[in-house]
Amino acid sequence: MVSSVRTDLPTAPGLARSPWTWVLGVLALLGLVAWIYELGHGLAATGMRDVVSWGMYIFTFAYLVGLSAGGLIVASSAEVFHIEALRPLARLGVLTAAVFSAAAGLMIIPDLGQPIRVLNLFIFPNWTSPLVWDVMIITVYFLFSATELWVMVRRPERKATLTTLAFIGLPLAVLLHSITAIIFGLQMSRPWWNTALMAPIFVASAILSGTALIVLIAWILQRYQGLAIPRATWRWLAGLMVMALFVDLFFVASDYVTIAWDNIPKDRQVLDLILPGGPYQLTFWFEWVIGGLVPFIILASSKLRAKASNLALAAALILMGVYAFRIELVIPAFVNPLIQLPPGTSLGAVSSSGSFQLIGHYSPTWVEYLITLGMFALIALAIAVGYRRLHLSRTIQEAAEHVAD
Amino acid sequence: MARWGMVIDQSKCVGCWTCAVGCKAINDEPLGYWWNRVLTTEPDSSAQIAAPATPAVDVPHGTFPNLDLAFLPLACQHCNNAPCEKVCPVGATFRRDDGLILIDYERCIGCRYCVAACPYGVRIFNWGPAKREPDFVIGYGSDYRTDGRLVFEPVRPVGVVEKCTLCVERIDAHEQPFCVDVCPVGARVFGDLDDPRSEVSVLVNQEGAEQLLAELGTDPNIFYLPSSHPNKVSD
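Description of the overall build of chain A
Part 1 of the reasoning: Each helix and strand in chain A was counted, giving 14 helices and two strands.
Part 2 of the reasoning: Against the compact-globule benchmark of 22 Å for 405 residues, chain A has a radius of gyration of 22 Å, which places it among compact chains.
Part 3 of the reasoning: With the C-alpha coordinates aligned to their principal axes, the bounding extent of chain A is approximately 75 × 45 × 40 Å.
Part 4 of the reasoning: A total of 405 residues make up chain A; the buried ones form 58% of that total.
Part 5 of the reasoning: Here the analysis covers contacts within chain A between residues at least 6 apart in sequence; of these, 77% occur between residues at least 24 apart.

And the structure:
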């Protein structure tokens, strides 16, 4: 296969000379600076306090875990279900899986009060804790996708090994999302989380956001790097997205209906926060309209979905919608604690309004924004470097030639 | 082996916060930290209500002249089936054989999963360097270890979770928790729930003391005699 290397591929300027590299590098550096500031000031530098005690780091973590799925699912599906059209994106998919799972693991670090003790997770694991299982599965998932990537790039002739890896990868991705969901789903102290639907929702939204991510990257490569992605590949990706979008919103809606009909006060309180008119309604609009209805119309219309740029638009909107879903999942669950009596919960700080809070409040600080933004910049850099160093453009192009349009 | 428990008689509680302030003093809880709080509630109401009638403390509920007022002193419930212990990824939160739920300040990684998992909202995280006014250490004043694990420090490190220890230092020295001693109306009774003749056992088994959010199955060792209950503690 190496003999058929094409020489007529567009030669983009080296990474070091691209202004994007510098922008991303500066952003990543700013994130690092913000983290050093946080290390000096403690988590008091964040907007979290004892009522809303998890914030941007955790919902971004859940988001990154979801994004790491799509790649591996697209890559494995090509092999497991013999979908030739998805084969060109297999390596890219595994690369994103490796990068995003590593980033998800890293995202936990700034959320820890004692990051220096992070190895305690491996030294003193408490196996009843879903968090321990999640740390383990993220580690395994990262090592697995890194290994699969290595085999794909360095030992592409080992077809049987690659098939085996694909068959392992698919259930591994499902497991990763189920366990991450269980961190939330098992907590009876948070009625908003305590639903058996949590794992299915996480798997569906992971397939949704992960596929959208692949679509967005593939479109950027086609638009700015001159790669030709076959039309059949776009068709499959569009189909995957619309199916996942439908299943995901169906699960979420099932939860809404159960809560609305039962009208159990502590459940209903959360739903009222996010439904139109509530203080967190922005997440609802992003999840259901901007990242739900609009991309659904684009993907359902045979005219609109025929254009790759429309697919990219739908993918971008879906990515926003799924991020909104993660926010909606984490923050409102904390706002109204089970025991909500005056004067409220002790904040662990003295604010201008006293040292108690009856109704939780959270807004992220610049430290949280910079660290999160820095993480996204780091991810983009890692994918760009990986794409370049692993010569993905060549393999995408080669595989694309085998796909019938 | 004893199983330590407490019964709080809400019909006696006057809502003076002496237990909360006493707790703050002996455990040297910094500004903004309350291991123990006295919440304003209604008699016989479920603790898990939709929303408080008013955000203000000490305000009676109802319409004049049918007003009613009750207090719910709230700290760690020292559950036998503790969600915080189950979710702690590193086993920093642990249950001693006598029922005490304690935190190992040397092992806690500060992930705050326990804060999310606790249905009672009694865990407090050390967000930043503690502020104290006046700025000197009061209370126990020295570290305390049980089974080699550091479960009390006068100044807790930034980035770990802390909460009520049921005054493990005093229990191990055969004394009662400080909140029990300082309560001016004797609304708190401490004792061994495994001893059927202890006062706490009698109050639980014969007088109908109840657990908070019992429906969740956390099985706390702290019990409450509702405020409508006839005044039967100790006299």
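There's more to say after this.
Some remarks on the overall build of chain B
Part 1 of the reasoning: The helix and strand inventory of chain B stands at six helices and 13 strands.
Part 2 of the reasoning: Relative to the compact-globule value of 18 Å for 235 residues, chain B shows a C-alpha radius of gyration of 18 Å, a close match.
Part 3 of the reasoning: Overall, chain B is about 50 × 40 × 30 Å in size when its C-alpha atoms are taken along their principal axes.
Part 4 of the reasoning: For chain B, the proportion of its 235 residues judged to be buried stands at 60%.
Part 5 of the reasoning: In chain B, the share of contacts with a sequence separation of at least 24, taken over all contacts with a separation of at least 6, comes to 69%.
Part 6 of the reasoning: Just so you have it, chain B exposes about 9100 Å², and 52% of that area is on carbon and sulfur atoms.
Part 7 of the reasoning: The average position of the 20 basic charges and that of the 31 acidic charges among the side chains of chain B differ by 5 Å.

Observations concerning the pairing of strand 1 (residues 4-9) of chain B
Residue and element names in this part refer to chain B.
Part 1 of the reasoning: Most of strand 1 is tucked away, with five of its six residues classed as buried.
Part 2 of the reasoning: Sheet analysis places strand 1 next to strand 13 (residues 222-225), joined by four bridges and oriented parallel. Across the sheet, residue Val7 finds its bridge partner in strand 13, namely Phe223.

Digging into the sheet that holds strand 12 (residues 188-192) of chain B
All names here are of chain B.
Part 1 of the reasoning: Strands sit in the order 12-1-13 across an open sheet of three strands; the sheet is mixed. A strand with exactly one partner marks an edge of an open sheet, and here the two such strands are strand 12 and strand 13. Going from strand to strand, the sheet's axes swing by 20° on average, the running direction of each strand aside.

Things to note about the pattern of salt bridges
Part 1 of the reasoning: Applying the stated rule across the entire model yields 14 salt bridges over all chains.
Part 2 of the reasoning: In this structure, Asp98(B) engages Arg96(B) in a salt bridge whose closest nitrogen and oxygen atoms are separated by 2.6 Å.
Part 3 of the reasoning: Of the residues examined, Asp98(B) reaches a relative accessible area of 5% and is grouped as buried.
Part 4 of the reasoning: For the salt bridge of Glu106(B) with Arg145(B), the shortest nitrogen-to-oxygen distance reads 2.9 Å. Here Glu106(B) is found in the loop between strand 7 (101-103) and helix 3 (113-117), whereas its partner Arg145(B) is found in strand 9 (residues 144-146), with 39 residues between them in sequence.
Part 5 of the reasoning: Judged by relative accessible area, Glu106(B) falls into the partly exposed class, the value being 40%.
Part 6 of the reasoning: Counted as one network, the salt bridges with shared partners bring together Glu79(A), Glu84(A) and Arg87(A).

Brief notes about the environment of Leu203(B)
Part 1 of the reasoning: When you line up the elements, Leu203(B) lands in helix 6 (residues 199-205).
Part 2 of the reasoning: Expressed as a C-alpha distance, the spacing of Leu203(B) and Thr146(B), which sit 57 residues apart in the sequence, is 29 Å.

Observations concerning the interface of chain A and chain B
Part 1 of the reasoning: In this assembly, 53 residues from chain A lie in contact with 60 residues from chain B.
Part 2 of the reasoning: With both sides pooled, the region where chain A packs onto chain B buries about 4400 Å², and carbon together with sulfur makes up 61% of that total.
Part 3 of the reasoning: Three residues stand out in chain A for area buried against chain B, namely Ile339(A), Leu341(A) and Pro342(A), and they jointly supply 15% of the buried area on that side.
Part 4 of the reasoning: One can count one salt bridge joining chain A with chain B.
Part 5 of the reasoning: For Arg112(B), the salt bridge is made with Asp111(A), and the minimal N-O distance between the two is 2.7 Å.
Part 6 of the reasoning: At the surface where chain A touches chain B, the tally comes to 32 residue pairs in polar contact (both at pLDDT 80 or more).

Notes on the nonpolar core
Part 1 of the reasoning: Ranked by internal contacts, the top residues of the largest apolar core, which has 196 residues, are Trp54(A) and Trp193(A).
Part 2 of the reasoning: When residues of this core are assigned to their parent elements, the largest contribution, 17 residues, is made by helix 2 (residues 56-80) of chain A.
Part 3 of the reasoning: Beyond its immediate sequence surroundings of up to four residues, Trp54(A) is in contact with Met48(A), Asp111(A), Ile183(A), Phe184(A), Trp193(A), Val330(A), Ile331(A), Phe334(A), Cys111(B), Arg112(B), Tyr113(B) and Ala116(B).
Part 4 of the reasoning: Within the second largest apolar cluster, nine residues are counted, among which are Val189(B), Val200(B), Val204(B) and Phe223(B).

Digging into the side chain of Gln340(A)
Part 1 of the reasoning: Secondary-structure assignment places Gln340(A) in the loop between helix 12 (332-335) and strand 1 (345-351).
Part 2 of the reasoning: Among the polar contacts listed, one links the side chain of Gln340(A) to the side chain of Lys266(A), at a separation of 3.0 Å.

Some points on a nonpolar patch on the surface
Part 1 of the reasoning: Together, Leu119(A), Phe122(A), Ile123(A) and Phe124(A) make up an exposed nonpolar region whose accessible area comes to about 390 Å².
Part 2 of the reasoning: Mapped onto the elements of the fold, Ile123(A) is located in helix 4 (residues 120-123).

Section: the packing of helix 3 (residues 90-108) of chain A against helix 13 (residues 366-389) of chain A
All names here are of chain A.
Part 1 of the reasoning: Viewed as axis vectors pointing N to C, helix 3 and helix 13 meet at an angle of 155°, and their least axial separation amounts to 10 Å. Taken as axis vectors, helix 3 and helix 13 run roughly antiparallel relative to one another. Of the two possible hands of crossing, helix 3 and helix 13 adopt the one that is right-handed. Contacts from Leu95, Thr96, Val99, Phe100, Ala103, Leu106 and Met107 of helix 3 reach helix 13 at Ile371, Thr372, Met375, Ile379, Ala382, Ile383, Gly386 and Tyr387.
Part 2 of the reasoning: For the contact of helix 3 with helix 13, the class distribution of residues is 12 nonpolar, three polar and no charged.

Examining the packing of aromatic side chains
Part 1 of the reasoning: Applying the stated rule across the entire model yields 25 aromatic pairs over all chains.
Part 2 of the reasoning: Centre to centre, the rings of Phe250(A) and Phe251(A) are 5.9 Å apart; their planes meet at 40°, and the pair counts as tilted.
Part 3 of the reasoning: For the ring pair Trp4(B) and Phe190(B), a centre distance of 5.2 Å and an interplane angle of 20° mean the geometry is stacked. Remark: Phe190(B) occurs in strand 12 and Trp4(B) occurs in strand 1; sequence separation between them is 186 residues.
Part 4 of the reasoning: For Trp4(B), a relative accessible area of 22% gives the class partly exposed.
Part 5 of the reasoning: With a relative accessible area of 13%, Phe190(B) lands in the buried category.
Part 6 of the reasoning: Aromatic rings pair up to connect Trp54(A), Phe184(A), Trp193(A), Phe202(A), Phe334(A) and Tyr113(B) into one cluster.
Part 7 of the reasoning: Just above the ring of Tyr224(A) sits the side chain of Arg223(A); from NZ or CZ to the centre is 5.1 Å.
Part 8 of the reasoning: Positioned over the ring face of Phe94(B) is Arg149(B), at 4.2 Å from the centre of the ring.

Definitions and limits used
- Residues numbered from 1 in each chain as written.
- Chains lettered and ligands numbered in written order.
- Predicted model: local features only at pLDDT ≥ 70, side-chain atom pairs only at ≥ 80, totals over all residues.
- Heavy atoms only, no water.
- Helix = DSSP H or I, 4+ residues; strand = E, 2+ residues; numbered from the N terminus.
- Rg over C-alpha atoms; globule rule 2.2 N^0.38 Å.
- Buried < 20%, exposed > 50% of the residue type's maximum accessible area, 1.4 Å probe, protein only.
- Contact = heavy atoms within 4.5 Å.
- Areas by Shrake-Rupley, 256 points an atom, 1.4 Å probe, with all protein chains shown as cover.
- Lys, Arg positive; Asp, Glu negative; His and termini not counted.
- Charge placed at Lys NZ, Arg CZ, Asp CG, Glu CD.
- Pairing = 2+ DSSP bridges.
- Axes fitted to C-alpha atoms, helices over the stretch in contact; angles between N-to-C directions.
- Salt bridge = Lys/Arg side-chain N within 4 Å of Asp/Glu carboxyl O.
- Buried area = accessible area lost by both parts, 1.4 Å probe.
- Polar contact = N/O pair within 3.5 Å; in protein donor to acceptor, adjacent residues only side chain to side chain.
- Core = buried A, V, L, I, M, F, W, Y, C linked by side-chain atoms within 4.5 Å.
- Patch = residues over 30% accessible without salt bridge, like charges linked within 9 Å, V, L, I, M, F, W, Y side chains within 5 Å.
- Parallel < 35°, antiparallel > 145°, perpendicular 65-115°, else oblique.
- Left-handed = near helix turned anticlockwise from the far one by under 90°.
- Nonpolar A, V, L, I, M, F, W, Y, C, P; charged D, E, K, R; others polar.
- Phe/Tyr/Trp six-rings, centres within 6.5 Å; stacked < 30°, edge-to-face > 60°.
- Lys NZ or Arg CZ within 6 Å of the ring centre and 35° of its normal.

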